[in-house]
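Take a look at the letters that make up each chain.
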Amino acid sequence: MIKNNNCNIGNRIKELRTEQGLSQEQLALSSGITTTYLGLLERNLKNPTVKVLEQICTALHIDLSSFFESSLQISHTYDPYTTQILAQVINRNEPEKQLILKLVKDLTRYFDNVSTF
């Protein structure tokens, strides 16, 4: 008997994306692809290259091998605001990330010292 090892890539991307509360736009942005292309992938109208699939996995905070596991438990779930912040930052270069981190730290210190927001 031959075991069926087929994986529906589009359905898997959508499953993981929705488990993490991400919109197509958020995942596409953090993956470095267009929303239109992501939609085509999720509807199985296009097949991603390994590189694109790696980018999607990075944005989903999983490794490529985990993508193909049927019962993956997502270790990180974030509220929508944190997810959007991550989507904006994840593909930036190191100097940009350092500057963004400094700005976030400065803002949090500011809000910690302000009695009302």
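Look a little higher up for the structure.
Quick caveat, the model's predicted, so the values are computed rather than measured.

**Brief notes about the packing of helix 2 (residues 24-31) against helix 4 (residues 50-59)**
Link 1 in the chain: Packing of helix 2 against helix 4 leaves a shortest axis separation of 8 Å and a crossing angle of 115 degrees. The angle between helix 2 and helix 4 places the two elements in the roughly perpendicular class. In the packing of helix 2 onto helix 4, the handedness of the crossing is right-handed. On the side of helix 2, the interface is formed by Leu27, Ser30 and Ser31, while helix 4 contributes Gln55, Ile56 and Ala59.
Link 2 in the chain: Tallied by class, residues from the contact of helix 2 with helix 4 come to three nonpolar, three polar and no charged.

**Remarks on the pattern of salt bridges**
Link 1 in the chain: Here the structure, examined in full by the defined rule, presents four salt bridges.
Link 2 in the chain: As a salt-bridge pair, arginine 12 and glutamate 15 come within 3.2 Å of each other at their nearest N and O atoms. Residue arginine 12 and its partner glutamate 15 are located together in helix 1 (residues 9-19), separated by three residues, close to a single helical turn.
Link 3 in the chain: Under the relative-accessibility criterion, glutamate 15 is labelled partly exposed at 31%.
Link 4 in the chain: Between lysine 102 and aspartate 106 there is a salt bridge; the shortest N-O distance is 2.9 Å. A residue pair is termed a helical-turn pair when its members lie 3 or 4 positions apart in one helix, as lysine 102 and aspartate 106 do in helix 7 (residues 94-113) at four residues.
Link 5 in the chain: Look at aspartate 106 and you get partly exposed, because its relative accessible area is 29%.
Link 6 in the chain: Through salt bridges with shared partners, a single ionic network connects Lys102, Asp106 and Arg109.

Rules used in this analysis
Residues numbered from 1 in each chain as written. Predicted model: local features only at pLDDT ≥ 70, side-chain atom pairs only at ≥ 80, totals over all residues. Heavy atoms only, no water. Axes fitted to C-alpha atoms, helices over the stretch in contact; angles between N-to-C directions. Helix = DSSP H or I, 4+ residues; strand = E, 2+ residues; numbered from the N terminus. Parallel < 35°, antiparallel > 145°, perpendicular 65-115°, else oblique. Left-handed = near helix turned anticlockwise from the far one by under 90°. Contact = heavy atoms within 4.5 Å. Nonpolar A, V, L, I, M, F, W, Y, C, P; charged D, E, K, R; others polar. Salt bridge = Lys/Arg side-chain N within 4 Å of Asp/Glu carboxyl O. Buried < 20%, exposed > 50% of the residue type's maximum accessible area, 1.4 Å probe, protein only.

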